[in-house]
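One letter stands for each residue in the lines below.
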Amino acid sequence: MKWLNRSQPQTLLSAVVLCYFSAGSLFLFGARIDSQLAYDIFKGIVSLFASDRTAADLGDSIVPPAVTVLLAGGYIAGGAGTANERRWGHRLCSMAAIYAAMATLWWGVRVSFGWGMIMHLMWDALLLVMLFHPMSRSHRRVWFT
């Protein structure tokens with residue numbers, strides 16, 4: 001199993017490195033933005049069946065660590081799958097990047113855009129551009145199984 005595949009185009013190799021870096025930063029700094037999105041969705045679902053206080057208690061204890069681990073795991077597994085030229089790896093990596101970009105945008109609209117939020121959104125957009133660049137897509141069509 002390879003963690004990096006230097007025979008892939010530069011854009012795809014850069015996307016794999018960005019996936020690993022994003023997963024590492026999630027583990028180091030947490031996922032405040034993604035956790036808040038997941039918390040609000042979870043709270044909305046639980047509040048259909050329970051009181052608002054129960055939803056808040058459950059959401060605080062369960063959702064943020066689970067979302068951080070799932071998103072980081074998606075980045076790592078997707079990056080490894082992409083490096084090994086597996087179609088599922090590229091799809092997983094793409095789904096994680098799209099989710100992170102949408103969660104950042106949602107959080108920015110909901111709260112407010114600051115410099116940190118803009119930089120985070122630019123980082124997510126860079127990963128998406130690298131994953132869906134024409135060189136990456138043509139390589140994926142030909143070589144991925």
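Residues numbered from 1 in each chain as written. Predicted model: local features only at pLDDT ≥ 70, side-chain atom pairs only at ≥ 80, totals over all residues. Heavy atoms only, no water.

Counted under the stated rule, the structure contains 1 disulfide. In this model Cys19 forms its disulfide with Cys93; the gap between the sulfur atoms is 2.5 Å. When the S-S torsion is 45 degrees, as for the bridge of Cys19 with Cys93, the disulfide is right-handed. Of this pair, Cys19 sits in helix α1 (residues 10–29) while Cys93 sits in helix α4 (residues 87–110), and the two are 74 residues apart along the sequence. Classification of Cys19 by relative accessible area gives buried; the value is 0%. (Disulfide = S-S within 2.5 Å. Helix = DSSP H or I, 4+ residues; strand = E, 2+ residues; numbered from the N terminus. Buried < 20%, exposed > 50% of the residue type's maximum accessible area, 1.4 Å probe, protein only.)

So, on to α1. The terminal C-alpha atoms of α1, which comprises 20 residues, lie 28 Å apart, in line with the 28 Å expected from a rise of 1.5 Å per residue. Within α1, the full set of buried residues consists of Thr11, Leu12, Leu13, Ala15, Val16, Leu18, Cys19, Ser22, Ala23 and Leu26. (Expected span 1.5 Å × (residues − 1).)

Let us look at the environment of Leu121. Looking at the element boundaries, Leu121 is found in helix α5 (residues 115–131). On the basis of relative accessibility, which here comes to 23%, the residue Leu121 falls in the partly exposed class. Note: C-alpha distance between Leu121 and Leu105 (16 residues apart in sequence) is 6.9 Å. Apart from the residues lying within four places of it in its own chain, the contact partners of Leu121 are Ala101, Thr104, Leu105 and Phe113. (Contact = heavy atoms within 4.5 Å.)

With 24 residues, α4 should cover 34 Å at 1.5 Å per step; its first-to-last C-alpha distance of 34 Å lies within 8% of that length. Those residues of α4 that sit buried are Gly89, His90, Cys93, Ser94, Ala96, Ala97, Ala100, Ala101, Ala103, Thr104, Trp107 and Gly108.

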